[in-house]
Amino acid sequence: MGQPRNPARKPGGLTRAQRLTKRTEFDSILQDADIRLTRFPVRLVAKANTLGFARLGTIVAKRNVRSAVDRNRVRRLLREWFRAHADRFRSYDIVLFVRDYSKPGDQLKATLENVLQDWDRRINKLGT
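Description of the structure in this document.

Reading the values: the criteria
- Counting of residues starts from 1 at the beginning of each chain's written sequence and follows it residue by residue.
- In view of the model being predicted, local features appear only for residues whose pLDDT reaches at least 70, and side-chain atom pairs are presented and counted only at 80 or more, with totals across whole chains, interfaces and linings using the full set of residues.
- The side-chain values count all of the structure's non-hydrogen atoms but skip hydrogen atoms and water molecules.
- Strands here are runs of E lasting at least two residues and helices are runs of H or I lasting at least four, both read from the DSSP assignment and numbered beginning at the N terminus.
- Using a 1.4 Å probe on the protein chains alone, a residue whose accessible area is under 20% of its type maximum counts as buried, one over 50% counts as exposed, and one in between counts as partly exposed.
- Surface accessibility in these figures is a Shrake-Rupley result with a 1.4 Å probe; residues are shielded only by whichever protein chains are displayed.
- Note on contacts: a residue pair qualifies if any of its non-hydrogen atoms lie within 4.5 Å across the two residues.
- By the convention used here, strands pair only if DSSP detects at least 2 bridges between them.
- The axes are straight lines fitted to the C-alpha atoms, using for helices just the contacting stretch, and the angles between their N-to-C directions are given from 0 to 180°.
- Here a crossing is called left-handed whenever its near helix is offset anticlockwise from the far helix by less than a right angle, and right-handed whenever the offset is clockwise.

The next subject is the overall build of the chain. Across its full length, the chain carries three helices and four strands. Starting at the N terminus and walking to the C terminus, you meet the elements of the chain as α-β-β-β-α-β-α. Here the chain holds 128 residues, and 36% of them are scored as buried. Accessible area for the chain stands at about 8200 Å²; split by element, carbon and sulfur atoms hold 47% of it.

This is how it looks when you write it as structure tokens:
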């Protein structure tokens, strides 16, 4: 019999394997990135991995998004966006930054769609 399900975990969430959790993983991606895309206020930095699936890390600093409620909402929006488009990221480790942003919502979603279009163009140009 398997482990009991955690009732606090929502179905469709990111597994631990799909998240970047260690500082060394973040540092490696930020220093040796293969792809860097910026659409204010979002910046995407990516590096190819050998795992066969994409992983996500988010950086939402307190000095950029003051309210804890807003920071958590921004992180949730980033995770939802990543889950919806995870197949497009193939086997890359992705770090998303959000800077100088006061209220998350439709503007952030529109910006993320622009980032996704830029991502598709960049991947097609690289031919991977």
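We now examine the side chain of H85. Within the fold, H85 resides in the loop between α2 (68-84) and β4 (92-98). When near neighbours in sequence (up to four residues on either side) are disregarded, H85 contacts E113 and L116.

With omega at 5°, the peptide bond leading from F40 into P41 counts as cis. One non-glycine residue with positive phi stands out, namely R90, at about 45°. With respect to the helices and strands, R90 occurs in the loop between α2 and β4.

Our next topic: the pairing of strand β2 (residues 42-48). Relative to β2, strand β1 (residues 35-39) runs antiparallel, the two being bridged by five bridges. For L37, the partnering residue across the bridge sits in β2 and is L44. Where β1 folds back onto β2 in an antiparallel hairpin, the turn is made up of two residues. With seven bridges connecting them, β2 and β4 associate as antiparallel partners. Of the residues in β4, the one forming a bridge with A46 is I94.

The next subject is the packing of α2 against helix α3 (residues 106-126). Running from N to C, α2 and α3 cross one another at 40°; their axes reach a closest spacing of 11 Å. As for how α2 packs across α3, the hand of that crossing is right-handed. Side by side, α2 and α3 meet where V74, L77, L78 and W81 of the first sit next to L108, K109, L112, E113, V115 and L116 of the second.

As far as function goes, none of this settles anything; it's purely spatial.
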